[in-house]
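Understanding the architecture of this molecule
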Amino acid sequence: MSRTWTREERYRVLQDAEELRPLHDAISRSPFRQTCHIQPVTGLLNDPNGFGYHDGLWHLFYQWCPWGAVHGLKYWYHVTSKDLVTWKNEGVCIRPDTEWDNRGAYSGSALSGHGSLYLYYTGNHRDPDWTRKSYTCLVRLSDDGTAVKAKAPLFGPNPDYTEHQRDPKILQDPETGLYWILLGAQTKDHHGCVICYKSKEPFSGWTFAGQLKVPGFEDFGDMWECPSIERINGTDILLFCPQHLTIEGRGNAQNHNGYLLGHMDFDTLTFTPLGRFHVLDRGFDSYAAECAATIHHNKDRAILVAWMGLPDVAYPTDEENWANCLTLPRVLRMRGRRLIQTPIEELKLLRGEPVAPEADTLPAAADLEVLCGGGDLALTLFAKPDHSGGFRITWDSQKKVFTVDRSGMTNRFNEAEGETRSRNLSGLSHLRIFLDHSSIEIFVNDGDAVFTSRVFPTKEEHGYVLQGDGRLRAWEMLPAVQDDFVI
């Protein structure tokens, strides 16, 4: 049974790294610790933040509550990589140690330039009566990786919106040279929206520019988190996370991560959609996606990482005082008028020994490819020795429906939001599947759809069964994350 945390416990300030060593030592023995995914050194991980490339390194940060699987006082924890595949723990970067972030350094983004990597984040301030005020704050990443905070916030909360104003994403309009910060927000009548600030330079002079107009989406959830605009091959993409609404095909899920394709006009602050809202990931556990920092200009791809988790959801590792991880990096591209996602090519560097074709079990971390002939297909992963249970992947060639179903797993969780997800496809030709100790990521038809899910197999659940029109190849995945105790 999950423990109940007091406010004092959740918002306890970390004074000394040694306070956390026993917790790290305990969770390092968990069978659900990942081999290839960024995961919390202790406690809880949620949104990826400050994703960017600077001075020969990829920098990525995650929201971190050190004490357990609970949302409380948040820090930015720092990891780095030379190749987006192998990741090194660097320790805490942003601490909530000023008046304007006294109850947490919340999510944000990065800007590479002017000789440094700059980090923009939401300072979560609470008055003595616990009234929230959100400040947009700035940090310069020094050469030794420490955070140098600006002397004051860039700007404070906008009184015309509720207390929910967060997740600054910095962009630059190449046509005017103006810098923009997008914030997820909530109107006073509880509608989700994006509010915008602008400046001629990135470190000062910010003024409120207005609310982003998105025709047709004025009543689409009661809060929008993690907004961003990417431009790929001439198409603008508005990414955001609408909350507290149901979407067809998403079961009873209330929190979503998706996008609109369209055109952004900074002069009128209007994003004109071309079609409906699409979810980024059709699986069960993906939220708060962030694209690597770039100046807002036309390019042929973006690189994305997301939180492999959801708000307001419990996971089996909560009992072990840790929770969540990040997805593997994905490449976003346009294929005609469609946005597709594929795993980064460098992940093939993690392929170790191939799995023998006659084997009926899989390594705890594995890279799978299934070449599909187009006919009916059924692949069961994490099956028991008698081939029962497991995570079931099916393709119905008559109905043209691809389905994943995790109801056969022994460790079930979040059942109320639904245990199956489906996608209509014109056909099925290829699957790329990444298994780790407690996750599965499925890429369908080189990017037509992605299904990301947490799974928590028992010791007996490592078999697989393939039936139908397909041929499977598999490789053990080499370790790619250093689970070192670095605070």
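Above this text sits the structure in question.
What you see as residue numbers is a count from 1 along each chain, following the sequence as written. Totals for whole chains, interfaces and linings use all residues, but because this is a predicted model, local features are given only for residues with pLDDT of at least 70 and pairs of side-chain atoms are given and counted only at 80 or more. Neither water nor hydrogens contribute to the side-chain values; these are computed over all heavy atoms in the structure.

Regarding the pairing of strand E14 (residues 235-243)
Across the nine residues that make up E14, a large majority, nine, are buried. When a residue's accessible area, from a 1.4 Å probe over protein chains only, is under 20% of the maximum for its type it is buried; when over 50% it is exposed; and in between it is partly exposed. Every helix listed is a DSSP run of H or I at least four residues long, and every strand listed is a run of E at least two residues long, numbered separately from the N terminus. Residues Thr-235, Ile-237, Leu-239, Cys-241 and Gln-243 line one face of E14 and the alternating positions Asp-236, Leu-238, Phe-240 and Pro-242 line the opposite face, and both faces are buried. Across eight bridges, the pairing between strand E13 (residues 223-232) and E14 is antiparallel. Its bridge partner being in E14, Ile-232 is matched across the sheet by Thr-235. Here, strands pair whenever DSSP counts at least two bridges between them. Hairpin connection between E13 and E14: a loop of two residues separates the two successive antiparallel strands, and Asn-233 in this loop has a positive phi of roughly 50°. Bridge count for E14 against strand E15 (residues 258-265) is five bridges, and the pairing is antiparallel. When the bridges of E15 are listed, Ile-237 appears paired with Leu-261.

A look at the sheet that holds strand E8 (residues 147-149)
The pairing of strands in a sheet comes from backbone hydrogen bonds and takes either a parallel or an antiparallel form. Judged by pairing direction, the sheet is antiparallel, and its four strands sit side by side in the order E5-E6-E7-E8 without closing on themselves. The open sheet has two free edges, formed respectively by strand E5 (105-113) and E8, since each of these has just one partner strand. The sheet shows a mean angle of 30° between the axes of neighbouring strands, taken without regard to direction. Relative to strand E6 (residues 116-126), E5 is paired through eight bridges, and the arrangement is antiparallel. Across the sheet, Ala-105 pairs through a bridge with Gly-123, a residue of E6. Here an angle of 0 to 180 degrees is reported between the N-to-C directions of two axes, which are lines fitted to C-alpha atoms, with helices fitted over the stretch in contact.

Digging into unusual backbone geometry
For Cys-226, which is not a glycine, the phi torsion comes out positive at approximately 50°. Locating Cys-226 in the fold gives a position in strand E13. You will see that Leu-269, though not glycine, has its phi angle at about 50°, which is positive. You can call Leu-269 buried: its relative accessible area is 5%.

By themselves, these figures tell us nothing about what the structure is for.
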